[in-house]
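# Coordinate analysis (summary)
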Amino acid sequence: MPRVLTTCIYCGCGCGLYLISDGKRLTGAYPSRNHPVSRGALCVKGWNSYEFSNDLNRLTAPLIKKDGKFIPASWDETLGLVVEKFKHYKNTFGPDSLAFLSSAKTTNEENFLMMKLARAVFKTNNIDHCARLCHASTVVGLSLAFGGGAMTNSINEFKDAEVILVTGSDTTAQHPLIGSRIINTVKDKGAKLIVIDPREIQLAKYATIYAQPKCGTDVAWINGLIYVIIAEDLHDKKFIEERTEGFLELKRTVRDYTPELVEEITTIPKEKIIEIARLYAKARKSMIVYSMGITQHTTGVDNVLSLANLAMVTGHIGFASTGVNPLRGQNNVQGSCDVGALPDVYSGYQSLVDGDIRKKFEQGWRVEGLPPKAGLTVTEIISAAGEGRIKGLYIMGENPIISDPDSNHVRKCLSEVEFLVVQDIFLSDTAEYADVVLPSASFAEKDGTFTNTERRVERIRKVIDPPGQAKADWQILSEVARRMGYKGMDYKHPSEIMDEIASLTPIYGGITYDRLGPYGLQWPCPTKDHPGTSVLHKEKFTKGKGTFMPRPYIPPAESTDEEYNFVLTTGRVYWHWHTRTMTNRTSTLEREAPEPYVEINCEDAEDLQIRDDQLIKVSSRRGAITLKVRVGHKVAKGTLFIPFHYREAAANILTILAVDPIAKIPEYKVCAVKVEKI
Ligand SMILES: Nc1nc2c(c(=O)[nH]1)N[C@H]1C(S)=C(S)[C@@H](COP(=O)(O)OP(=O)(O)OC[C@H]3O[C@@H](n4cnc5c(=O)[nH]c(N)nc54)[C@H](O)[C@@H]3O)O[C@H]1N2
Ligand SMILES: Nc1nc2c(c(=O)[nH]1)N[C@H]1C(S)=C(S)[C@@H](COP(=O)(O)OP(=O)(O)OC[C@H]3O[C@@H](n4cnc5c(=O)[nH]c(N)nc54)[C@H](O)[C@@H]3O)O[C@H]1N2
Ligand code: SF4
Ligand SMILES: [Mo]
């Protein structure tokens, strides 16, 4: 059977896998034995990643909505309509009446083209993507502290860590191949694991210390650890002196966070705070791993800054098996940020406020007048669409009806926007609201690159043809540009787009398809002979000195009260992917987790007289859903957990549209709800 080496479509681990086909359809997938991440293994999603592409419900023709019904149309007619509408809005209401949501499911080349289309052709910076909902706090926070917002170290370094502190990351479920590395290091090499998570996740079983904080109290316990570290003289004075600034301010801020106070705020026993501080600080090689439990808060940036403080105060950064390691979620969310699908930067995080950089892109793209003002973020775009400020909205490979906070608000906004284009591989819940739907090729049907969580730029390769008239996203975007009269977006192959990215983006400067080989290259890779970089901030931080930015503890936007007396936190399960467009079309995955549920603590279940599997109603100030309960010990008393995958009982009907003031990330991890038996 023909087999092709490619990269998994699901998570940011970026496993290498072979797809097998019979020439027409995909028939299987298996791991690459020598790949640096997968090393002969895949998780269940990787093994089954071939199935959804074959689904009979794939979009196969462009669709135009007429009298509320989708009618198949030609590419010519459909793109003609898109360009006519977008041109009209641009000319009548100005470029900022348009907005673009890009996609971390698509390639670097496609994200680069979407931002080029928005900026060079339509002259707006209203472009963003799901990183806003995900690691926006990381991009802002780690840039402020270190000068760069990416994972500081690499997956292969987990094996030599002495201590691994995991917080707000259900690693074995969401980054399984990293989860198994962590478990192996603990079991085979005796590394110590610290897990701090409001849910007793699988990794807690392997932990030397497991602590269960109240949701949304992270700054408090992190400041508490730093308090103990300084009080017990465990801080790295040489590192602080030589490589950082702002230590005195840190000292001043954390001196209030005694273990007693921290216990009061977080419910973590004070002895545990002391024990964790000692364990993390005393080891030479301590790694911090975090994900959405840290970022998805109105204090997301504060949380990230606090973790950066913790790493710097102990000197646990700048060499192998240390660092602050945000696990990036989508297969290509790292890359979508890297190539500039963000409202305030071009590719390589180059600021669009900087006139010289704008000039460089104007010359590279042969255009004039690139807009200098930062654009709107995801949630701002959706609200602006509802208010009529955005007239034309182009969504590629995102499903905000299910994934954005406060779904009822999103539904209202998307039903009111004048003209909505959705480009997807399936007719998603969001596509139902569209005026025009454009059918895309899946990851198995095109060439390109994804960048994984450890900054590894890897190839994906075409295995089969797309179904019907579906086209690769980069081809569709190029065609829109061409029809707008722009001549700078004709490419024969995505490798030419990568050459353009490299020419304009210093951190990708040395990357070419020829050089990527089977296992990719890790950026920064500035020149054609550079081998790539596994550890960041080695001799000095990207910004020079690392900056301590201490933050006080601030409670979440919504707290519980007499009526809404439960804290709801939301997240994911091992078997499903986000809005389930792909995993609900994969038999093995769908069989394992076919329906929505809410986790509740045994004591609460007893108080409320509800049994396992019983249907209950959960409501917030935004809406209500009905779903089955799972009674257990995973969450503490007073807390509920709902996976947000299921349209049948969408968790985001309940969540709150409150965002971090700087990163604009929504507070998906805390809101107040009530529970009723039905
Ligand atoms: N199977 C599967 N894998 C995925 C995905 C998927 O949909 N399905 N999505 C991918 C994407 S895009 C992402 S971003 C990642 C997300 O990966 P994770 O961040 O690991 O996943 P989540 O389930 O969102 O939440 C992580 C943890 O945060 C904890 N948590 C909740 N509230 C708090 C809090 O206040 N403080 C702290 N410290 N922890 C808290 C939860 O209990 C949970 O264990 O996963 C990626 N991998
Ligand atoms: N309550 C709650 N909500 C959350 C979160 C949470 O923890 N709790 N997490 C947030 C996070 S971290 C994230 S990343 C977001 C994810 O939110 P989304 O990005 O909206 O979720 P996905 O389901 O991954 O959407 C990807 C879409 O791309 C389509 N697609 C797949 N491949 C291709 C392709 O090659 N081309 C095109 N054009 N389309 C393609 C899929 O069919 C799907 O419709 O959800 C956020 N929402
Ligand atoms: S760990 Fe992530 S990249 Fe690897 S096979 Fe599983 S979903 Fe795919
Ligand atoms: Mo994410």
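Thresholds, definitions, all that
- Residues numbered from 1 in each chain as written.
- Chains lettered and ligands numbered in written order.
- Predicted model: local features only at pLDDT ≥ 70, side-chain atom pairs only at ≥ 80, totals over all residues.
- Heavy atoms only, no water.
- Near = heavy atom within 4 Å.
- Polar contact = N/O pair within 3.5 Å; in protein donor to acceptor, adjacent residues only side chain to side chain.
- Areas by Shrake-Rupley, 256 points an atom, 1.4 Å probe, with all protein chains shown as cover.
- Nonpolar A, V, L, I, M, F, W, Y, C, P; charged D, E, K, R; others polar.
- Helix = DSSP H or I, 4+ residues; strand = E, 2+ residues; numbered from the N terminus.
- Buried < 20%, exposed > 50% of the residue type's maximum accessible area, 1.4 Å probe, protein only.
- Contact = heavy atoms within 4.5 Å.
- 1 Å grid on protein atoms, 1.4 Å probe; cavity = no way out; pocket = protein on both sides within 12 Å on 5 of 7 lines; lining within 4 Å.
- Points joined across faces, edges and corners; volume = space filled by probe spheres on them.
- Pairing = 2+ DSSP bridges.
- Axes fitted to C-alpha atoms, helices over the stretch in contact; angles between N-to-C directions.
- Core = buried A, V, L, I, M, F, W, Y, C linked by side-chain atoms within 4.5 Å.
- Sits in = over half its atoms within 2 Å of the grid points.
- Domains from an automatic or database assignment.
- Buried area = accessible area lost by both parts, 1.4 Å probe.
- Salt bridge = Lys/Arg side-chain N within 4 Å of Asp/Glu carboxyl O.

The subject of this paragraph is the site of ligand 2. Neighbouring ligand 2 are 32 residues; Asn399, Ser403, Asp424, Thr579 and Asn652 lie closest to it. For ligand 2, a nitrogen atom lies 3.1 Å from a polar atom in the side chain of Arg572. For ligand 2, whose unbound accessible area comes to 920 Å², protein coverage reaches 99%. Partitioning the shell around ligand 2 into residue classes produces eleven nonpolar, 14 polar and seven charged.

Moving on to the side chain of Asn111. Positionally, Asn111 belongs in helix H3 (residues 108–121). Residue classification places Asn111 among the buried positions, given a relative accessible area of 0%. Within polar-contact distance, the side chain of Asn111 engages the side chain of Ser102 at 2.6 Å. In this view, Asn111 contacts Ser102, Ser103, Thr106, Asn332, Ser336, Val339 and Ala341; residues no more than four positions away in its chain are not counted.

The tally for this structure, following the rule as stated, stands at three cavities of 30 Å³ or more. Here the second largest cavity defines a volume of roughly 70 Å³. Lining the second largest cavity, in full, are Cys8, Tyr10, Cys11, Cys13, Gly14, Cys15, Leu42, Cys43, Gly46, Pro176 and Leu177. Its residues assigned to classes, the lining of the second largest cavity shows nine nonpolar, two polar and no charged.

Spatial ordering of the open sheet is given by E1-E2-E3, a layout of three strands whose pairing is antiparallel. The two strands at the open ends of the sheet, each matched to only one other strand, are strand E1 (3–7) and strand E3 (26–31). Across this sheet, the average inter-strand angle for adjacent strands is 30°, counted without regard to direction. Here E1 pairs with strand E2 (residues 16–21) via five bridges, running antiparallel. Paired with Leu5 across the two strands is Tyr18, which belongs to E2.

What follows covers the nonpolar core. Membership of the largest hydrophobic core comes to 60 residues, with the highest contact counts inside it found for Phe86, Phe100, Phe112, Leu117, Phe122, Trp365 and Tyr394. Trp365 has contacts with Phe112, Met115, Lys116, Arg119, Ala120, Tyr346, Leu370, Tyr486, Glu500 and Leu504, leaving out every residue within four places of it along the chain. Formed by 50 residues, the second largest nonpolar core is a distinct cluster that contains Phe239, Leu250, Val301 and Met312.

Another aspect to go through is the sheet that holds strand E23 (residues 566–571). The six strands lie next to each other as E23-E27-E24-E26-E25-E28, forming a closed barrel whose pairing is mixed. Strand-to-strand twist in this sheet, taken as the mean axis angle between neighbours without regard to direction, amounts to 45°. Across two bridges, the pairing between strand E24 (residues 597–601) and strand E27 (residues 639–643) is antiparallel. Bridge pairing in E27 links Glu599 to Phe641.

Moving on, we come to the pairing of strand E26 (residues 624–632). Two elements, E24 and E26, share five bridges in a ladder whose sense is parallel. If you follow Val598 over to E26, its bridge partner there is Val629. Note: strand E25 (residues 615–619) against E26, five bridges, orientation antiparallel. Looking at E26, one finds that Ile616 is bridged to Leu627. Between the end of E25 and the start of E26, which pair antiparallel, lie four residues.

It is worth spelling out the site of ligand 3 at this point. Neighbouring ligand 3 are the residues Cys8, Tyr10, Cys11, Cys13, Gly14, Cys15, Leu42, Cys43, Lys45, Gly46, Pro176 and Leu177. With respect to the detected pockets, ligand 3 is housed in the second largest cavity. Elements represented by at least two residues in the shell around ligand 3 include exactly helix H1 (44–47) and helix H6 (176–189). Residue composition of the shell around ligand 3, by class: nine nonpolar, two polar and one charged.

Moving on, we get to the domain arrangement of the chain. When cut into domains, the chain gives domain 1 (3–54), domain 2 (63–133 + 332–495), domain 3 (136–330) and domain 4 (566–677). Contact residues are listed per partner, giving 13 residues for domain 1 and twelve residues for domain 3. The contact between domain 1 and domain 3 buries some 850 Å² in all, and 61% of this surface belongs to carbon and sulfur atoms. In terms of surface lost to domain 3, no three residues of domain 1 exceed Cys13, Val37 and Arg39, which account for 44% of the buried area on that side. Remark: the boundary between domain 1 and domain 3 carries zero salt bridges. Joining domain 1 to domain 3, the criterion identifies three residue pairs in polar contact (both at pLDDT 80 or more). When the residues that make up the side of domain 1 that touches domain 3 are grouped by side-chain class, the tally is nine nonpolar, two polar and two charged.

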